[in-house]
Amino acid sequence: MSKPLLILFGTFSGNSESCAEKAASVARQRGYDPVLENMMDSTADVLMQFDTALLITSTYGDGDPPDGTENFYEQVVNHPRFRLEHLRYSVLALGDSCYDRFCQCGKDYDEALEAHGATRFHTRVDCDIDYEDPCDAWIEGVFAILAEERLLAA
Ligand SMILES: Cc1cc2nc3c(=O)[nH]c(=O)nc-3n(C[C@H](O)[C@H](O)[C@H](O)COP(=O)(O)O)c2cc1C
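Just so it is clear, the model here is predicted, and its values are computed rather than measured.

### With respect to the packing of helix α2 (residues 70–77) against helix α3 (residues 104–115)
Interaxial distance between α2 and α3 falls to 9 Å at its minimum, and their mutual angle equals 35°. Contacts from Phe 72, Tyr 73, Val 76 and Val 77 of α2 reach α3 at Cys 105, Asp 108, Tyr 109, Ala 112 and Leu 113. The class makeup of the residues in the contact of α2 with α3 is 8 nonpolar, no polar and 1 charged.

### Thoughts on the pairing of strand β3 (residues 52–58)
In terms of burial, β3 is a largely internal element, 7 of the 7 residues being buried. In this sheet, β3 lies alongside strand β1 (residues 3–10) in parallel orientation, the contact comprising 5 bridges. If you follow Leu 6 over to β3, its bridge partner there is Ala 53. Pairing between β3 and strand β4 (residues 88–94): 7 bridges, direction parallel. Bridging from a neighbouring strand, Thr 52 pairs with Arg 88 of β4. Handedness of the β3-α2-β4 crossover: right-handed.

### Overview of the site of the ligand
Taken together, 18 residues lie near the ligand, and Thr 11, Ser 13, Ser 16, Thr 59 and Tyr 60 sit nearest. A distance of 3.1 Å is found between an oxygen atom of the ligand and a backbone nitrogen or oxygen belonging to Asp 96. Summarising the interface, the protein chains cover 80% of the accessible area of the ligand, which totals 650 Å² for the free molecule. Among the residues making up the shell around the ligand, the classes are represented as 6 nonpolar, 10 polar and 2 charged.

### Points about α2
Those residues of α2 that sit buried are Phe 72, Tyr 73, Val 76 and Val 77. Buried residues along α2 cover an arc of 105° about the axis, so they all sit on one side.

### Notes on the UniProt feature "domain: Flavodoxin-like" (unreviewed entry) in the chain
Cross-referencing UniProt, the feature "domain: Flavodoxin-like" (unreviewed entry) maps to residues 5–143 in the present numbering. Between the C-alpha atoms that bound residues 5–143 there is a distance of 11 Å. The span itself is 34% helix and 23% strand.

The rules we used
Residues numbered from 1 in each chain as written. Predicted model: local features only at pLDDT ≥ 70, side-chain atom pairs only at ≥ 80, totals over all residues. Heavy atoms only, no water. Axes fitted to C-alpha atoms, helices over the stretch in contact; angles between N-to-C directions. Helix = DSSP H or I, 4+ residues; strand = E, 2+ residues; numbered from the N terminus. Contact = heavy atoms within 4.5 Å. Nonpolar A, V, L, I, M, F, W, Y, C, P; charged D, E, K, R; others polar. Buried < 20%, exposed > 50% of the residue type's maximum accessible area, 1.4 Å probe, protein only. Pairing = 2+ DSSP bridges. Right-handed = clockwise from strand over helix to strand, strands pointing away. Near = heavy atom within 4 Å. Polar contact = N/O pair within 3.5 Å; in protein donor to acceptor, adjacent residues only side chain to side chain. Areas by Shrake-Rupley, 256 points an atom, 1.4 Å probe, with all protein chains shown as cover. Arc of directions from axis to C-beta. UniProt positions renumbered as here; feature names shortened; annotations may be inferred.

As structure tokens, then:
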């Protein structure tokens, strides 16, 4: 039976979306039923509906979320009473190390989800401008851990 999986992305120029689509494609190959959502069209409540979530986001401005995802960011990052003990997650952060606040938005989500009680099942990966190889490695790492957990649960 395929297992539901939430893949959320925040993007401005499309890089995070292409990583999210790649993750969704691998998920389907591995027997998951991924739900791909743009943070721009989503609300934090979606995190209550899944037990596994992958978050992929870039950073803009002075370490800020991509345009259009500010509401989602506020709801997740600045919401101290949001409880997510049921959730396991991993974050892929895209950025550019020329900027002082490298991958800050992804770092903020990673810390906030942990603070809300969620379990980080795979370490965050911070990608520089050549994001494709680290993105692929993160996707492989994420699905390797999920596969191990499935074997244990079987
Ligand atoms: C105007 C501008 C501001 C940026 N600010 C940051 C930043 O503060 N920190 C960072 O790590 N990357 C920053 N970046 C780099 C982007 O996050 C990076 O190019 C990323 O791959 C874009 O992904 P996206 O296409 O999913 O939006 C900035 C890029 C631009 C064009």
